[in-house]
Amino acid sequence: MSELPDIPGLAALAVCESLLLALNDRKVMPESAIVGVLRDAARAQEDAAPGDGMEESRLAAAGLLHKIIDGHNSVRRP
């Protein structure tokens with residue numbers, strides 16, 4: 001039997017990506033700033049203090065953020 005994914009986390013990610021797209025579409029934030037936000041979020045996960053038992057989850061979150069950056073998911077391309 002497969003485990004259900006983190007439904008609240010997936011919903012939060014979808015909302016955040018939609019907000020970043022809307023900010024870019026309306027020219028509130030340029031692409032470089034959006035990528036900066038995503039990089040900062042990844043770095044925060046990578047640099048979190050060890051010892052709380054969440055290291056694997058934090059590194060997985062950072063990896064996902066890097067995939068979002070590399071795939072340009074949060075910025076529309078013409």
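Residues numbered from 1 in each chain as written. Predicted model: local features only at pLDDT ≥ 70, side-chain atom pairs only at ≥ 80, totals over all residues. Heavy atoms only, no water.

Chemist: How do you make sense of the pattern of salt bridges when you look at a structure like this?
Modeler: All told, the structure shown has 2 salt bridges when counted by the stated rule. One salt bridge connects Arg-43 with Glu-46, and the closest N-O pair in it is separated by 3.7 Å. Remark: Glu-46 and Arg-43 occur in helix 2 (residues 31-46); sequence separation between them is 3 residues, near one turn of the helix. When the shortest N-O distance is used, the salt bridge between Arg-58 and Asp-52 registers 2.4 Å. With a relative accessible area of 24%, Arg-58 lands in the partly exposed category. Residue Asp-52 is classed as partly exposed on the basis of its relative accessible area of 38%. (Salt bridge = Lys/Arg side-chain N within 4 Å of Asp/Glu carboxyl O. Helix = DSSP H or I, 4+ residues; strand = E, 2+ residues; numbered from the N terminus. Buried < 20%, exposed > 50% of the residue type's maximum accessible area, 1.4 Å probe, protein only.)

Chemist: I keep staring at helix 1 (residues 7-25) and nothing clicks. Help me out?
Modeler: An α-helix turns once every 3.6 residues. As a result, residues three or four positions apart point the same way. Under the 1.5 Å per step criterion, the end-to-end length of helix 1 is 27 Å for 19 residues, consistent within 8% with the ideal 27 Å. When we look at burial in helix 1, the residues that qualify are Glu-17, Leu-20, Leu-21 and Asn-24. Relative to the axis of helix 1, the buried residues are bounded by an arc of 100° and lie together on one face. Away from the buried face of helix 1 by more than 90 degrees, exposed residues Pro-8, Val-15 and Leu-19 are located. Those residues of helix 1 that are buried lie in contact with helix 2 and helix 3 (55-71). Following helix 1 by one or two positions, Lys-27 has its phi on the positive side, about 60°. (Expected span 1.5 Å × (residues − 1). Arc of directions from axis to C-beta. Contact = heavy atoms within 4.5 Å.)

Chemist: Looking at this structure, I do not really get the confidence of the model for the protein. What am I missing?
Modeler: Close inspection of predicted coordinates is inappropriate in any region flagged by low pLDDT. Residues of the protein with pLDDT of at least 70 account for 92%, and the chain-wide mean is 88. Taken element by element, the predicted model of the protein shows its lowest mean pLDDT in helix 3 (91) and its highest in helix 2 (94). (pLDDT = per-residue confidence, 0-100.)

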